[in-house]
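# Examination of the molecular architecture
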Amino acid sequence: MPSRRAVLKSAALAAAASALPDLSSAVAPAPVAAADRPLRILILGGTGFTGPFQVAHALARGHRVTVFNRGRRPALEWGGRVEQLQGDRDTGDLQALQGREWDVCIDNPTTLPAWVRDAGQVLRGQIGHYNFISSISVYADGRPPGITEDAALARYAGADPLAETQASLAADMAALFGPLKAASEAESRRQFGDRVTIVRPGFIVGPRDETDRFTWWPLRVAAGGEMLVPGDGREPVQFVDGRDLGEWIVHLAETRTPGVFNATGPDYRLGTDAFVHGLHAVMGGPIRFTHVPASFLAAQGVAFGADLPIWFPGDHRFAGFGQVDNRRAIAAGLRFRPLATTVNDLLAWHHARPDERRHTLRAGMSREREAALLQAWHATATAPGDGGDGRT
C-alpha cells in the first residue's frame with residue numbers, strides 16, 4: 001500500500017498539473033522576422049537532426065544557405081532555395097568548398113579532429129566565423145551538479161587524435177566520443193583562432209529525433225497503467241528541443257557571438273516527478289506512478305540512460321547531465337518552447353513514421369521488463385518489517 005505521504009504528494013502534483021492551462025495542443029509558432037542583414041551561411045551537414053531546423057530558420061530570416069554533405073539525404077523540400085554541395089569529409093574530399101567565401105560556417109556532424117583540420121585548411125580566411133557544435137560529453141567529470149563551461153574537459157589518451165577515423169571511433173564510442181569532441185574543439189581554435197563559437201548541447205529532443213530516448217517517456221505515459229518512476233522523484237532531467245537549438249545556433253551565427261555555451265534546458269530545475277506529471281497533463285488517461293529506488297533498479301541490472309533514457313541517479317557518473325549550468329546560453333539568447341509543444345509535435349512526427357519504427361523504439365525498457373521490475377519491487381513490501389513506505 002502507498003504511504004500517506006506518497007498519496008498526498010501524488011495528489012498535489014496531479015492537482016498542479018490539472019490547474020495548468022490547456023496543454024493538449026501545441027502553441028502556434030510566432031512569425032519569424034527578417035534579419036537586419038542577410039548572411040551567406042555554410043552548414044556542414046544540414047540533413048541530420050538539427051541541421052534542417054537551422055536551414056529552415058536561416059531561410060525564414062532571409063539568409064542565403066549552402067549545405068555541404070555526402071548527398072545521401074537530399075533535402076528536396078528546400079528546392080532551389082538552398083545550394084547543396086557534395087563531398088566526403090571522411091575521405092578528405094572538400095573540393096566543392098575551395099575558392100568560396102561565406103560569412104559563417106556551422107559545423108554540425110564533426111566528432112573527428114581531422115575533419116576540423118581539413119575544414120580549416122580549406123576555409124581559413126574564407127569565412128568570417130566558425131560555429132562548432134560539440135556536446136556536454138566533453139566534460140571530464142559528469143557527476144557534479146552545475147557543470148559550467150569552464151569545467152575540466154575529457155582528455156584523449158590515444159597516440160594521435162588526428163589519426164582517429166570513423167571506424168576507430170565506432171569501435172570504442174563510449175571511451176572516445178567525449179575526448180574526441182574536446183580535441184575537435186581545441187582544433188577549431190587552432191584553425192580559426194578567436195572567431196569560434198562552441199555549442200555544447202545536452203540531450204536533443206523533439207521531431208526528427210531518431211534515438212527515441214525522449215520519445216519513450218510520453219509514449220509510456222500515454223500507455224497508462226502502473227508506470228515505474230525511478231528514484232524519489234526529485235532527480236532532475238534536462239534536454240533541449242532541436243528546433244530551439246537550431247534557431248539559437250542561427251542567432252549565434254547572426255551575432256557572431258564567440259565563446260563556449262552549454263545548450264540544454266529548460267530554464268528551471270525540472271525534477272522527475274514534475275517531468276512525468278507534466279507529460280501526463282499533456283497525454284491524459286488513467287495512470288499510477290510508482291517510485292522505485294535507483295539502488296533496487298541497479299541491483300536488477302537496469303541500465304540508466306538506456307533502459308531509462310535521459311535519466312540518471314544521483315551517484316551515477318552522468319548525474320550532472322540533468323543539472324548542467326545553462327545560464328550563459330540563456331543570457332546569449334537561448335529560449336525554450338513549452339514542454340507540451342515539444343511533446344505534441346514529437347508525437348505527431350512519431351505517429352507519421354513507418355510502422356516498424358513506430359513499434360520498435362531504440363531506447364527504453366519494454367513493458368514486460370517494467371512489469372517484472374514492478375512485481376519484484378512490490379514483493380519487497382511483503383518482507384518482514386517492511387512497511388512499504390514510499391512505494392507509490
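Rules and cut-offs
Residues numbered from 1 in each chain as written. Predicted model: local features only at pLDDT ≥ 70, side-chain atom pairs only at ≥ 80, totals over all residues. Heavy atoms only, no water. Helix = DSSP H or I, 4+ residues; strand = E, 2+ residues; numbered from the N terminus. Buried < 20%, exposed > 50% of the residue type's maximum accessible area, 1.4 Å probe, protein only. Contact = heavy atoms within 4.5 Å. Areas by Shrake-Rupley, 256 points an atom, 1.4 Å probe, with all protein chains shown as cover. Phe/Tyr/Trp six-rings, centres within 6.5 Å; stacked < 30°, edge-to-face > 60°. pLDDT = per-residue confidence, 0-100. Core = buried A, V, L, I, M, F, W, Y, C linked by side-chain atoms within 4.5 Å.

When helices and strands are tallied, the chain shows 13 helices and 13 strands. Relative to its full complement of 392 residues, the chain shows a buried share of 50%. When contacts within the chain are restricted to residue pairs at least 6 apart in sequence, long-range pairs at least 24 apart make up 79% of them. Summed over all atoms, the accessible surface of the chain reaches about 17,700 Å², with 53% contributed by carbon and sulfur.

Following Gly265, the chain continues to Pro266 via a peptide bond in cis, the omega torsion being 5°. With respect to the helices and strands, the residue Pro266 is situated in the loop between β10 (259-263) and α8 (272-283). Although it is not a glycine, Arg256 sits at a positive phi angle of roughly 50°. When you line up the elements, Arg256 lands in the loop between α7 (242-255) and β10. A residue is classified by how much of its surface remains accessible, and Arg256, at 28% relative accessible area, is partly exposed.

Applying the stated criterion across every chain, the model contains 14 aromatic pairs. Seen in terms of ring centroids, Phe239 and Phe275 are 5.7 Å apart; in terms of plane orientation they differ by 50°. Their pairing is tilted. Highlighted residues: Phe239 in the loop between β8 (225-230) and β9 (240-241) and Phe275 in helix α8, separated in sequence by 36 residues. In terms of burial, Phe239 and Phe275 fall into one category: buried. An aromatic cluster is defined as three or more aromatic residues linked by ring pairs; in this entry it consists of Phe214, Trp216, Trp217, Phe239 and Phe275.

Summary statistics for the chain give a mean pLDDT of 91 and a share of 89% for residues scoring 70 or more. Scored below 50 in pLDDT, residues 1-27 makes 29 contacts in the model with residues more than four places away or belonging to other chains. Long-range and interchain partners of residues 386-391, a stretch whose pLDDT sits below 50, account for 13 contacts in this model, where long-range means more than four residues apart.

Moving on, we come to the nonpolar core. Counting residues in each nonpolar core, the largest one holds 37 residues, and the members touching the most others are Phe214, Trp217, Phe239, Phe275, Leu297, Phe304 and Leu308. Those elements giving two or more residues to this core turn out to be α6 (216-223), β8, α8, β11 (287-292), α9 (294-299), α11 (339-351) and α13 (367-379). Ignoring sequence-local partners within four residues, the contact set of Phe275 consists of Phe214, Trp217, Val237, Phe239, Leu270 and Ile310. If you look at the next biggest cluster of nonpolar residues, it comprises 27 residues, including Trp78, Ile106, Leu245 and Phe261.

Secondary-structure assignment places Asp150 in the loop between β5 (127-133) and α4 (166-171). Sequence spacing of Asp150 and Val260 is 110 residues, and the spatial spacing of their C-alpha atoms is 8.6 Å.

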